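Here is what each chain is made of, one letter per residue.
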Amino acid sequence: MTSKIMMTTALAGVLGLAASMASAQEVRFMCYSDGNECEVYDDVLSRFEADNPGIDVVIDVVPYQAIVENLPVQLAAGTGPDIAKVTDLGGLNEYYLDLTDYVDTDYWDASFADTLNWYRVGDRQGYYGMHSQLTITGAFANATLFEQAGVELPGAGATWDDWAAASRAVAEATGTDFPMAIDRSGHRVAGPAVSYGAALNGPDGPTLSDDGFAAFATQFVAWHDDGTIARDVWAGQGGSTYRDAAQEFINGELVFYYSGSWQVGRMDENVGDFFDWQVVGSPCGPGGACSGMPGGAGIVGFEQTEHPEAVAAVIDYLASEEIYAEVTARTRNLPAHLGVASAGVEYEGVSPAAQAALNGFAAALPDVAPAAFWYQGYAGNRAMYGITVERLSQAIVGELSVEEAVARMEEDLAAAMAETN
Amino acid sequence: MLQIISPIMRVIEVPMLALQRMLGTNKIAWVFLLPNLILFGLFAFLPVILNVFYAMTGGDNVLLEARPFVGAQNFGTLTECDNFLDPNTCREDKFWRAVWNTCWFVVLQVGFMVGFSLLTAIILNRDIRARGFFRSVFFFPVLLSPVVVALIWKWILQREGVLNAFLDWTGVGGYNWLVDANWAFTWAVFISVWAHMGFYTLILLAGLQAIPRDVYEAAMMDRANPWRTFRRITLPLLSPTMLVVVVLALIKGVQTFDEVYAFTGGGPGTATTFIIQYIYEEGFAGAPRLFGLAAAASLLVAGVLVVLTLIQLWINRRNVDG
């Protein structure tokens with residue numbers, strides 16, 4: 001009897017060991033979706049698993065909030081995932097796994113070019129992230145309202161003032177609630193601020209108080225005061241909470257909506273034939289630029305993983321041109337992969353309007369000003385976004401004057417940099 | 001039942017008796033307290049100690065050993081002010097805006113809450129028709145989650161909400177309540193009173209029912225009018241319960257966060273940002289995560305809450321002694 005028990009125990013031990021060895025290459029991928037990204041990754045990675053039986057990729061789908069708030073704490077505590085889809089590209093650099101030794105760096109350089117720099121900070125200049133979806137901010141216009149009002153859509157090279165005047169005229173003629181709206185986000189106002197001359201990275205380092213930024217802040221607050229911009233978006237929230245105005249645009253309550261390329265799918269699905277809409281890019285400002293703000297998300301691995309080779313293999317697979325092209329087409333995002341971009345993307349299941357919108361956003365990419373490109377890759381940009389939203393909101397509701405708000409932004413930025421340096 | 005328990009007790013009895021012989025009758029009490037002490041120490045006392053350490057460190061690293069010691073710098077940052085009444089003159093103006101918002105909120109919310117709860121309790125204490133139904137109606141909001149309360153009122157008060165639809169229908173015309181700082185604050189107070197007054201009404205109702213009927217009968221025989229009866233009998237005999245209600249409401253008011261955060265997000269601007277939201281945003285929602293500043297602010301709030309709790313304990317003791 002005793003020998004039977006011992007044999008059973010030994011067998012169970014061997015089976016347990018075998019089972020643990022079989023799952024030794026488990027790679028956990030923390031993923032959030034703007035649309036259907038995680039679903040598509042799950043599908044393409046199941047093919048990867050079939051080709052690589054030793055690697056088991058487990059996708060943990062989480063809300064975006066978890067990526068922003070929980071992931072950094074998990075990484076600091078050493079309990080993070082192996083791979084994640086992140087948007088704080090430079091901010092998490094200290095935790096990234098350097099893929100240099102595992103991937104074909106020539107291919108990565110040729111395919112992802114400057115976006116690789118968004119993941120690099122200071123001395124850490126390796127290969128860390130594959131920019132999986134490129135976004136760019138820009139405007140949507142309700143073409144039907146313009147037609148009803150008999151107002152011409154401002155053409156290429158039109159300024160923010162031109163669009164504000166035209167949107168007011170359309171709103172007045174058609175009885176529309178709001179002429180304009182811009183998402184409540186520091187990222188979203190960065191493009192317009194750059195067009196107004198904001199340097200963002202001044203001679204003494206990052207800044208939110210130069211003349212260009214102050215000029216934009218003054219105009220932005222004035223547009224809230226005179227009703228050009230919907231107060232609900234920026235004044236209807238507190239802190240640095242994000243709020244968009246997509247629903248107002250979809251409801252036909254908004255003439256001109258400044259958001260970004262990631263909204264195309266939502267517009268396509270929800271507007272339907274309710275009205276005609278089109279992407280009109282980023283208006284020009286007195287600073288001479290007509291810049292949107294690039295952005296998006298990337299796939300990164302983390303140093304704390306027990307399986308760096310498997311992690312690199314997964315990311316490299318997603319970076320391959322064929323898979324990248326498939327994922328881009330199915331998720332309806334702009335490609336950051338130069339090969340995929342130059343070949344053109346035939347998006348799956350989108351209307352001609354959405355295809356035109358995505359092409360329109362892609363066409364605006366060369367207009368991105370160097371300051372905006374730098375800002376996207378700056379490791380402290382999340383702090384700057386938050387400060388911008390909080391202080392501009394206070395100026396909009398009258399708690400601070402514009403001058404006080406701009407001065408506070410600079411103080412907050414200095415304090416934030418002192419804490420992180 | 002006894003048949004099941006008795007053998008178990010006999011099994012436990014043997015080691016416990018041995019332990020008692022070893023430790024003595026007095027010390028055995030600690031053995032019974034130990035499980036609770038461990039849980040309390042782990043989940044209440046240890047976090048408080050850690051919080052004190054965090055309050056004296058800087059940087060944005062979550063690991064305590066990787067954070068530089070800064071002494072009382074965080075407290076200095078919070079309290080550096082030219083004029084405490086004007087947040088714009090303070091280095092950490094958001095903290096002082098939150099402090100003053102909290103003070104105003106507590107004063108108004110507690111005042112209205114106690115007043116309405118007392119009025120409701122007096123009405124519900126009378127022999128009115130469908131008394132049980134009304135008691136349930138007033139208590140019902142207490143059962144709702146704060147987030148549900150916030151969402152319900154957001155749907156009512158938003159630009160295209162139920163209230164504006166009604167006001168448009170009546171011809172009065174709607175208003176963008178949640179974009180106006182004063183109205184947003186007023187509604188935050190109203191919602192908080194609506195959501196919590198049922199609980200305090202219940203306590204006051206119990207207090208009212210504890211007042212002996214013969215005192216009222218004696219007053220009636222003396223031909224005291226209702227106002228005099230209320231002022232000279234109800235209020236004095238209800239005052240111990242009232243004090244407990246006031247102190248509990250004060251503590252709850254200072255801790256207000258979830259329902260207002262879900263309702264307005266602290267806006268417009270910082271109009272409805274209260275102290276707990278400030279702590280949350282500095283420590284967890286913003287970038288960089290200023291755990292030290294958040295910990296220092298939370299210690300200051302803890303100090304206020306300790307004072308309020310001591311007042312409550314003192315009142316309780318006085319009531320018991322009385």
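> Residue-level account of unusual backbone geometry, with values.
Residues and elements named next belong to chain B. With omega at -5°, the peptide bond leading from Gly-267 into Pro-268 counts as cis. If you trace the backbone, Pro-268 turns up in the loop between helix 11 (258–264) and helix 12 (275–285). A cis amide bond links Ala-287 with the next residue in sequence, Pro-288, at an omega value of -5°. Tracing the backbone shows Pro-288 in the loop between helix 12 and helix 13 (291–321). Although it is not a glycine, Ala-130 sits at a positive phi angle of roughly 55°.

> Explain the interface of chain B and chain A residue by residue, including any values.
Contacts between chain B and chain A engage 36 residues on the former and 32 residues on the latter. A buried area of about 2600 Å², summed over both sides, lies between chain B and chain A, and 41% of it is on carbon and sulfur atoms. Interface area lost by chain B to chain A is led by Arg159(B), Val179(B) and Arg289(B), which between them contribute 20%. Linking chain B with chain A are 6 salt bridges, by the criterion used here. Linking chain B with chain A are 16 residue pairs in polar contact (both at pLDDT 80 or more), by the criterion used here. Secondary structure elements with two or more residues in the side of chain B that touches chain A: helix 4 (93–125), helix 11 and helix 12 of chain B. Of all the elements, helix 12 of chain B adds the most residues to the side of chain B that touches chain A, at 4 residues. Grouping the amino acids of the side of chain B that touches chain A by side-chain chemistry returns 15 nonpolar, 11 polar and 10 charged.

> Break down a nonpolar patch on the surface for me, citing the residues and quoting the values.
Residues Trp30(B), Leu33(B), Leu34(B), Leu37(B), Ile38(B), Leu39(B), Leu42(B), Phe43(B), Leu46(B) and Leu50(B) make up a contiguous nonpolar surface patch of about 1000 Å² in total accessible area. Tracing the chain through its elements places Ile38(B) in helix 2 (residues 28–55).

> Could you give me a rundown of the state of the cysteines, with the residues and numbers involved?
Applying the stated criterion across every chain, the model contains 3 disulfides over all chains. Between Cys31(A) and Cys38(A) runs a disulfide, and the two sulfur atoms are separated by 2.1 Å. Its S-S torsion of approximately -100° makes the covalent link between Cys31(A) and Cys38(A) left-handed. The exposure classification of Cys31(A) matches that of Cys38(A), with both residues buried. Among the cysteines of chain A that take part in disulfides, numbered as they appear in the sequence, the pairing is 1-2, 3-4. Here Cys103(B) is not cross-linked by a disulfide; its sulfur's nearest cysteine counterpart is in Cys90(B), at 13 Å. Given a relative accessible area of 36%, Cys103(B) falls into the partly exposed group.

> Lay out the domain arrangement of chain A in plain terms, naming residues and giving numbers.
Residues and elements named next belong to chain A. In terms of domains, chain A is made up of domain 1 (24–134 + 295–353) and domain 2 (137–294 + 356–420). Placing a centre on the C-alpha atoms of domain 1 and another on those of domain 2 gives a separation of 28 Å. Listed by partner, the interface residues are 20 residues for domain 1 and 19 residues for domain 2. Of the roughly 1600 Å² buried between domain 1 and domain 2, counting both surfaces, carbon and sulfur atoms make up 60%. Summed over the three residues of domain 1 that lose the most area to domain 2, namely Trp-118, Leu-334 and Ala-353, the buried surface amounts to 34% of that side.

> If you had to explain the pairing of strand 9 (residues 277–281) of chain A to someone new, which residues and values would you point to?
Residues and elements named next belong to chain A. Judged by which residues are buried, strand 9 turns out to be one-sided: Trp-277, Val-279 and Gly-281 face inward and are buried, whereas Gln-278 and Val-280, on the alternate face, are not. In this sheet, strand 9 lies alongside strand 4 (residues 129–142) in antiparallel orientation, the contact comprising 4 bridges. Across the sheet, residue Ala-139 finds its bridge partner in strand 9, namely Gly-281.

> Kindly report on the pattern of salt bridges, identifying the contributing residues and their values.
As enumerated under the stated definition, the model contains 25 salt bridges over all chains in all. For the salt bridge of Asp60(A) with Arg28(A), the shortest nitrogen-to-oxygen distance reads 2.9 Å. With Asp60(A) in strand 2 (residues 56–61) and Arg28(A) in strand 1 (residues 26–31), this residue pair connects regions lying 32 residues apart in the sequence. With relative accessibility at 26%, the residue Asp60(A) sits in the partly exposed group. Here Arg28(A) falls in the partly exposed class, since its relative accessible area comes to 33%. Across the pair Glu282(B) and Lys94(B) runs a salt bridge, and its minimum N-O distance is 3.6 Å. Residue Glu282(B) is located in helix 12, and its partner Lys94(B) is located in helix 4; the two are separated by 188 residues in the primary sequence. Under the relative-accessibility criterion, Glu282(B) is labelled buried at 9%. Each of Arg391(A), Arg408(A), Glu411(A), Asp412(A), Asp93(B) and Arg97(B) takes part in a single network of salt bridges with overlapping partners.

Cut-offs and rules
- Residues numbered from 1 in each chain as written.
- Chains lettered and ligands numbered in written order.
- Predicted model: local features only at pLDDT ≥ 70, side-chain atom pairs only at ≥ 80, totals over all residues.
- Heavy atoms only, no water.
- Helix = DSSP H or I, 4+ residues; strand = E, 2+ residues; numbered from the N terminus.
- Contact = heavy atoms within 4.5 Å.
- Buried area = accessible area lost by both parts, 1.4 Å probe.
- Salt bridge = Lys/Arg side-chain N within 4 Å of Asp/Glu carboxyl O.
- Polar contact = N/O pair within 3.5 Å; in protein donor to acceptor, adjacent residues only side chain to side chain.
- Nonpolar A, V, L, I, M, F, W, Y, C, P; charged D, E, K, R; others polar.
- Patch = residues over 30% accessible without salt bridge, like charges linked within 9 Å, V, L, I, M, F, W, Y side chains within 5 Å.
- Areas by Shrake-Rupley, 256 points an atom, 1.4 Å probe, with all protein chains shown as cover.
- Disulfide = S-S within 2.5 Å.
- Buried < 20%, exposed > 50% of the residue type's maximum accessible area, 1.4 Å probe, protein only.
- Domains from an automatic or database assignment.
- Pairing = 2+ DSSP bridges.

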